[in-house]
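Each chain, letter by letter, is given below.
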Amino acid sequence: MLPYGRQSIDEDDVDAVASVLRSDWLTTGPAVDAFEKAVGEAAGGHRAVSATSGTAALHIAYSALRLGPGDQVVTTPMTFVATASCASILGAEVVFADVEEDTALLDPSAVDMAVNERTRVVAAVDYAGHPADYDALQPIADRVGALTLDDAAHSIGGSYRGRPVGSLADISTLSFFPTKNLTTAEGGAAVFRDPDLAKRAHEFHFIGLMRDAERFELTDEGPWHQEVHEFGLNYRLTDVACALGLSQLRRLEQFKQRRAEITARYNEALATVAGLRTPTQREDVDPAWHLYPVRVLDGRRREVFEKMRERGIGVQVNYIPVYWHPVYARAGYRRGMCPNAEAFYAEQLSLPLFPDLTDAQVDQVIETLSEIVG
Ligand SMILES: Cc1ncc(COP(=O)(O)O)c(C=O)c1O
């Protein structure tokens, strides 16, 4: 089965990991520092805190904000559940605002109507690798004293109006899962414009341990001393993973270019196929295409999904609207509240997209899909 996403690992990646395995530091060592610096630079020069997954990065980000009961997060339903559930698990209320009909990105006009004085975060998602409209979202968040968060699990390497992903919102979170734009196996990072928030995030991901002598409350314990002021978890990424990530980062631009080439090949071939609708790209963005979300019209998505799988092409559907998950449905979220997201979900199909996909494989996907739909 041709997968819909796959890592691209070369000998440099293997050597980078092997050299860490031969070194003194398997975790919390120099590769972690170097990777965090490199991610921060790629993200426009802000501080990055690495984490064990993109989900952990979201939990870290919301925890650093001390999000809790009484607070609201306004977000998109067209995302992986973690964008919302990491806020829900802290006791915050998640409010789903609808997406734009064409891009499936959080719609600023829907956000404008959803925010109020309890809104602490407006969390957008750069769905499929296409950045959301941050210049429209930020003033809405500012108006109510909230922060913007870019769940950039799909989009590292891309840019919006010349600014790199990672610098588009007050906080950005990344995922380095194998299908993503670069990988550390499991892994992620949270990037912060505000250095104080970054520091709190770092402590949270380090079990809450703090080693800042000027802030100690127990002042004469000794040189070994570290203390906890707020609870945290162990979300530390290892040196083994970070060495892989550093090596992968060197090829991020190359990965992005190949993903763009494949996207263009799909667009050109599929734009004229009746019964399909190709993805929209806004003029002011340079996406790092993570998914190729084609839309299958006329109620045929499920049939096409099953036939593609039968023919060895591992298509996927991204995503069920988050509030359809039983955990949200049981909490009273009703179907119908975000019609654009639901209409998009009914048609969406992710075609294989990863850097090592050959042109011949892309053509095979195009032919198979055209035959099934035609
Ligand atoms: C939009 C989005 N947010 C968050 C995540 C969570 O990332 P991870 O799988 O690394 O926990 C994912 C991964 O699937 C994602 O696609």
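Reading the values: rules and limits
Here the residue numbers are simple positions, counted from 1 along each chain's written sequence. With pLDDT at 70 or above as the cut-off, local features in this predicted model cover only qualifying residues; side-chain atom pairs require 80 or more to be listed or tallied, and sums for whole chains, interfaces and linings still use all residues. In computing side-chain properties, one takes all heavy atoms of the structure into account and sets aside hydrogens as well as water. Whether a residue is buried, partly exposed or exposed follows from its accessible area with a 1.4 Å probe, protein chains only, as a fraction of its type maximum: under 20%, in between, or over 50%, in that order. Runs of E in the DSSP output that reach at least two residues are strands. Runs of H or I that reach at least four are helices, and both are numbered from the N terminus. Along the arc lie the directions from the helix axis toward the C-beta atoms. When checking whether two residues touch, look at their non-hydrogen atoms; a contact exists if any pair is within 4.5 Å. For every element, the axis is a line fit to its C-alpha atoms; helices are fit only across the contacting stretch, and the angle between N-to-C directions ranges from 0 to 180 degrees. In these notes the angle categories are as follows: under 35 degrees is roughly parallel, over 145 is roughly antiparallel, 65 to 115 is roughly perpendicular, and the rest is oblique. Whether a crossing is left-handed or right-handed is set by the direction in which the near helix is turned from the far one by less than a right angle, anticlockwise for left-handed and clockwise for right-handed. Classification used: nonpolar for Ala, Val, Leu, Ile, Met, Phe, Trp, Tyr, Cys and Pro, charged for Asp, Glu, Lys and Arg, polar for all others including Gly. For Phe, Tyr and Trp, rings pair up if their centres lie within 6.5 Å, where Trp contributes its six-membered ring, and each pair is then called stacked (planes under 30 degrees apart), edge-to-face (over 60) or tilted (otherwise). The criterion for a charge sitting over a ring is simple: Lys NZ or Arg CZ within 6 Å of the ring centre, and within 35 degrees of the ring normal. Take the buried residues of types Ala, Val, Leu, Ile, Met, Phe, Trp, Tyr and Cys, join any two whose side-chain atoms come within 4.5 Å, and each joined set is a nonpolar core. The term salt bridge refers to a pairing of a side-chain nitrogen on Lys or Arg with a carboxyl oxygen on Asp or Glu at a separation within 4 Å. At least two bridges found by DSSP between two strands is the condition for calling them paired.

Taken as a whole, helix 12 (residues 339-347) has its buried residues at Ala341, Glu342, Phe344 and Tyr345. Within helix 12, the buried residues cover an arc of 160 degrees as seen down the axis, which keeps them to one side. Its buried side turned inward, helix 12 meets strand 14 (292-296), helix 10 (301-310) and strand 15 (348-351).

Time to look at the packing of helix 1 (residues 11-21) against helix 8 (residues 239-249). Here helix 1 crosses helix 8 at 150 degrees, and the two axes come no closer than 8 Å. Between helix 1 and helix 8, the interaxial angle falls into the category roughly antiparallel. Crossing geometry of helix 1 relative to helix 8 is assigned as right-handed. Of helix 8, the residues touching helix 1 (which contributes Asp12, Asp13, Ala16, Val17, Val20 and Leu21) are Asp239, Val240, Ala243, Leu244, Ser247 and Gln248. Split into classes, the residues belonging to the contact of helix 1 with helix 8 amount to seven nonpolar, two polar and three charged.

For the rest of this paragraph, the subject is the packing of aromatic side chains. A full pass over the atoms with the stated rule returns 12 aromatic pairs. The interplanar angle of 75 degrees and the centroid separation of 6.3 Å between the aromatic rings of Tyr127 and Tyr319 together place this pair among those described as edge-to-face. Taken together, the residues Tyr127 in the loop between strand 4 (119-125) and helix 6 (134-143) and Tyr319 in the loop between helix 10 and helix 11 (326-329) connect sequence positions 192 residues apart. Comparing Tyr127 with Tyr319, the two get one shared label, buried. Arranged with centres 5.4 Å apart and planes meeting at 85 degrees, the rings of Tyr127 and Phe344 form a pair that is edge-to-face. Placement of the pair is Tyr127 in the loop between strand 4 and helix 6 and Phe344 in helix 12, with a sequence separation of 217 residues. Taking the relative accessible area as the measure of exposure, Phe344 reaches 3% and is therefore buried. Members of the aromatic cluster, each reached through a chain of ring pairs, are Phe80, Tyr127, Tyr319 and Phe344. Note that Arg236 overlies the ring of Phe206, its terminal NZ or CZ placed 4.5 Å from the centroid.

In terms of nonpolar packing, the biggest core is built from 73 residues, with Tyr62, Tyr266, Leu270 and Leu351 touching the most fellow members. A total of seven residues in this core trace back to one element, the largest contributor, which is helix 3 (residues 54-64). Among residues more than four places away in sequence, those in contact with Leu351 are Tyr4, Tyr266, Leu270, Tyr292, Val294, Met308, Val315, Val365 and Leu369. Within the second largest apolar cluster, 42 residues are counted, among which are Val95, Tyr134, Val191 and Leu237.

Moving on to the pattern of salt bridges. Applying the stated criterion to the full structure yields 27 salt bridges. As a salt-bridge pair, Glu100 and Arg282 come within 3.0 Å of each other at their nearest N and O atoms. Highlighted residues: Glu100 in the loop between strand 3 (93-96) and helix 5 (108-114) and Arg282 in the loop between strand 12 (276-277) and strand 13 (285-286), separated in sequence by 182 residues. Across the pair Asp212 and Lys199 runs a salt bridge whose closest N-O atoms are separated by 2.9 Å. Pair noted here: Asp212 is in the loop between strand 10 (209-210) and strand 11 (227-228) and Lys199 is in helix 7 (residues 195-204), with a separation of 13 residues, a long-range link.

With that settled, the discussion passes to the pairing of strand 14. For a regular strand, side chains alternate in direction, first toward one face of the sheet and then toward the other. Most of strand 14 is tucked away: five of the five residues are buried. Residues of strand 14 alternate between two faces, with Tyr292, Val294 and Val296 on one and Pro293 and Arg295 on the opposite face, all of them buried. In terms of strand pairing, strand 12 meets strand 14 through two bridges, oriented antiparallel. If you follow Leu276 over to strand 14, its bridge partner there is Val296. Pairing analysis gives four bridges linking strand 14 to strand 15, with the strands arranged antiparallel.

What follows covers unusual backbone geometry. For residues that are not glycine, phi is negative in most cases, and the peptide bond is trans in most cases. Note that the residue after Asn318, namely Tyr319, is joined by a cis bond; omega there is 10 degrees. Its identity is not glycine, yet Ala185 carries a phi of approximately 75 degrees, on the positive side. When you line up the elements, Ala185 lands in the loop between strand 8 (171-175) and strand 9 (188-192). For Ala185, a relative accessible area of 41% puts it in the partly exposed group. One non-glycine residue, Asp298, lies in positive phi territory at about 65 degrees. Inspection of the secondary structure puts Asp298 in the loop between strand 14 and helix 10. Taking relative accessible area as the criterion, Asp298 reaches 64% and is therefore assigned exposed.

If you trace the backbone, Ala201 turns up in helix 7. Between the alpha carbons of Ala201 and Pro352 there is a distance of 35 Å; along the sequence they are 151 residues apart. Apart from residues no more than four positions distant in its own chain, Ala201 is found in contact with Val49, Ile60, Ala64 and Phe192.

Across the five residues that make up strand 8, a large majority, five, are buried. Every second residue of strand 8 is oriented toward a common face, with Ile171, Thr173 and Ser175 on one face and Ser172 and Leu174 on the other, all of them buried. Alignment of strand 5 (residues 147-151) against strand 8, held across three bridges, turns out to be parallel. Counterpart to Asp151 in the pairing with strand 8 is Thr173. Pairing between strand 8 and strand 9: five bridges, direction antiparallel. From the neighbouring strand, Leu174 faces strand 9, where its bridge partner is Ala189.

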